[in-house]
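Architecture at a glance
Each chain is listed here by its residues.
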Amino acid sequence: MDIAVSYHDTVTKLQGLDLSASSPFDRLEWYALLEYPLFAMVERRGDRVVVPLQRHANGLSSLTNWFSFTWRPIGKSRQLIQELARDLRSRTHRVTLFPLPDEDGTAEQLEKTFRDAGWFVLRDQCDENHVLPVAGRTFAEYWAGRPGKMRTTLKRKAKKVDVDILTHFDETAWAAYKAIYSESWKPEEERADILEAFAAAEGAAGRIRLGIARADGVPVAAQFWTVENGTAYIHKLAHIEAATALSAGTTLSAALFEYVIDTDGVELVDFGTGSDAYKRDWMEQVRPRFRLTCLDWRQPRAWPAIAKAFVRHLAPHNRPS
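Below you will find a few notes about this structure.

With that out of the way, let us pick up the pairing of strand 6 (residues 120-133). Sheet topology note: the strand 6/strand 12 (residues 285-295) ladder contains eleven bridges and is antiparallel. Looking at the pairing, Leu122 lines up with Thr293 of strand 12. In this structure, strand 6 lies alongside strand 11 (residues 268-273), joined through four bridges in antiparallel fashion. Looking at the pairing, Asn129 lines up with Thr273 of strand 11.

So this is what it looks like as structure tokens:
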């Protein structure tokens, strides 16, 4: 069938390939920022699929980091992915894929593909994703449906801060974001350099929406969003704990929602992963994110994990009555 499989440690040899991206986390530029990559590529007569992976002591996994909303192969040919899945058995005993969406069928298709390629596959939910389908509404129509407490807070507090929304990367604004984050309730940023490089690239492409709220000229809240293909992605948000009483975060969020809905005309707002309770006030749907653990039962190194899986499966049926 003239199928060729190859593996690459950098994106250099993949540059120039016609690989469409549907989200920020599908682009080779994103994967170029991450560590320990292994790009598995399969080709046939001009059709290509790239599966971005990373090495671990216990096998291979999706090339992601803490910042990734989702992961999927780049390319859609199930036959090519299945050929690659077969070839991966010669390189490792374990492949772990996450966080996988399934609203587009990714998790289900990959589960079947790896099973058909001879892997023992476990599937479990590893996270959740909060989204807002705009459904043609204006911001005013969307806001009218928010909880009364949120609407009252914005009405009372909005005039206490001034909001700027930038559509380009600005070093001064980014420095304000970093200063706010360092004084927020959030833990220290892991690999902040990756986040900044990503923000700069999104700014150069015109996709960034960087919001800063100021009280008496002092930055007190910041949010980093991007917009593409009809979707607004909420990547990071923070406010100074000492300024909590100002509700600057609510005011800034409302301003950004209004901008992406009424100015950018997005169809979906994606609040990323995590089960934070406050997301439910802003979002209207929750989508699961899945993990596939693919084990090659022919290799002894995979047997302990397979045995544990069988024990977990049988345990509820073996409990004494």
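Having seen it, we continue.
To continue, consider the pattern of salt bridges. Here the structure, examined in full by the defined rule, presents 27 salt bridges. A salt bridge links Lys178 to Glu196; the shortest N-O distance between them is 3.6 Å. One end of the pair, Lys178, is in helix 6 (residues 171-182); the other, Glu196, is in helix 7 (residues 192-204), and 18 residues separate them in sequence. Of the residues examined, Glu196 reaches a relative accessible area of 29% and is grouped as partly exposed. With a closest N to O distance of 2.6 Å, Arg191 and Asp193 form a salt bridge. Overall, Asp193 belongs to the partly exposed group, its relative accessible area being 42%.

Before going further, it helps to spend a moment on the packing of helix 2 (residues 78-88) against helix 3 (residues 106-116). Axis separation between helix 2 and helix 3 bottoms out at 8 Å; the angle between their running directions is 50°. As far as their axial angle goes, helix 3 and helix 2 are oblique. The element helix 2 and its partner helix 3 pack so that their crossing is right-handed. Of helix 3, the residues touching helix 2 (which contributes Arg78, Ile81, Gln82, Ala85, Arg86 and Leu88) are Gln109, Leu110, Lys112, Thr113, Phe114 and Asp116. Residues that form the contact of helix 2 with helix 3 fall into these classes: five nonpolar, three polar and four charged.

Once that is clear, we can look at the sheet that holds strand 11. Across the sheet, which stays open at both edges, the twelve strands sit in the order 1-2-3-4-5-12-6-11-10-9-8-7 with mixed pairing between neighbours. Edge positions in the open sheet fall to strand 1 (4-8) and strand 7 (162-166), since each of these has one partner strand only. Recorded for the sheet is a direction-independent mean angle of 25° between the axes of neighbouring strands. In the sheet, strand 7 pairs with strand 8 (residues 208-215) via five bridges, with the strands oriented antiparallel. Among the inter-strand pairings, Leu166 is bridged to a residue of strand 8, identified as Leu210. Strand contacts of helix 6: strand 7, strand 8, strand 9 (218-228) and strand 10 (231-239), with the helix running at about 115° to strand 9, the strand carrying the most contacts.

Counting 89 residues, the largest nonpolar core has Phe114, Phe257 and Val269 as its most contacted members. Residue contributions to this core peak at seven residues, all from helix 8 (residues 248-263). Beyond its immediate sequence surroundings of up to four residues, Phe114 is in contact with Ala85, Leu88, Val95, Leu97, Trp119, Val121 and Cys294.

Okay, the pairing of strand 11 next. By the criterion of burial, strand 11 is predominantly enclosed, with five of the six residues buried. Across three bridges, the pairing between strand 10 and strand 11 is parallel. Bridge pairing links Thr231 to Leu268 in strand 11. Each parallel crossover has a hand, and the one from strand 10 via helix 8 to strand 11 is right-handed.

On to the side chain of Arg289. Mapping Arg289 onto the fold places it in strand 12. Judged by its relative accessible area of 3%, Arg289 falls in the buried class. In this structure the side chain of Arg289 is engaged in a polar contact, spanning 3.0 Å, whose partner is the side chain of Glu103.

Cut-offs applied
- Residues numbered from 1 in each chain as written.
- Predicted model: local features only at pLDDT ≥ 70, side-chain atom pairs only at ≥ 80, totals over all residues.
- Heavy atoms only, no water.
- Pairing = 2+ DSSP bridges.
- Helix = DSSP H or I, 4+ residues; strand = E, 2+ residues; numbered from the N terminus.
- Salt bridge = Lys/Arg side-chain N within 4 Å of Asp/Glu carboxyl O.
- Buried < 20%, exposed > 50% of the residue type's maximum accessible area, 1.4 Å probe, protein only.
- Axes fitted to C-alpha atoms, helices over the stretch in contact; angles between N-to-C directions.
- Parallel < 35°, antiparallel > 145°, perpendicular 65-115°, else oblique.
- Left-handed = near helix turned anticlockwise from the far one by under 90°.
- Contact = heavy atoms within 4.5 Å.
- Nonpolar A, V, L, I, M, F, W, Y, C, P; charged D, E, K, R; others polar.
- Core = buried A, V, L, I, M, F, W, Y, C linked by side-chain atoms within 4.5 Å.
- Right-handed = clockwise from strand over helix to strand, strands pointing away.
- Polar contact = N/O pair within 3.5 Å; in protein donor to acceptor, adjacent residues only side chain to side chain.

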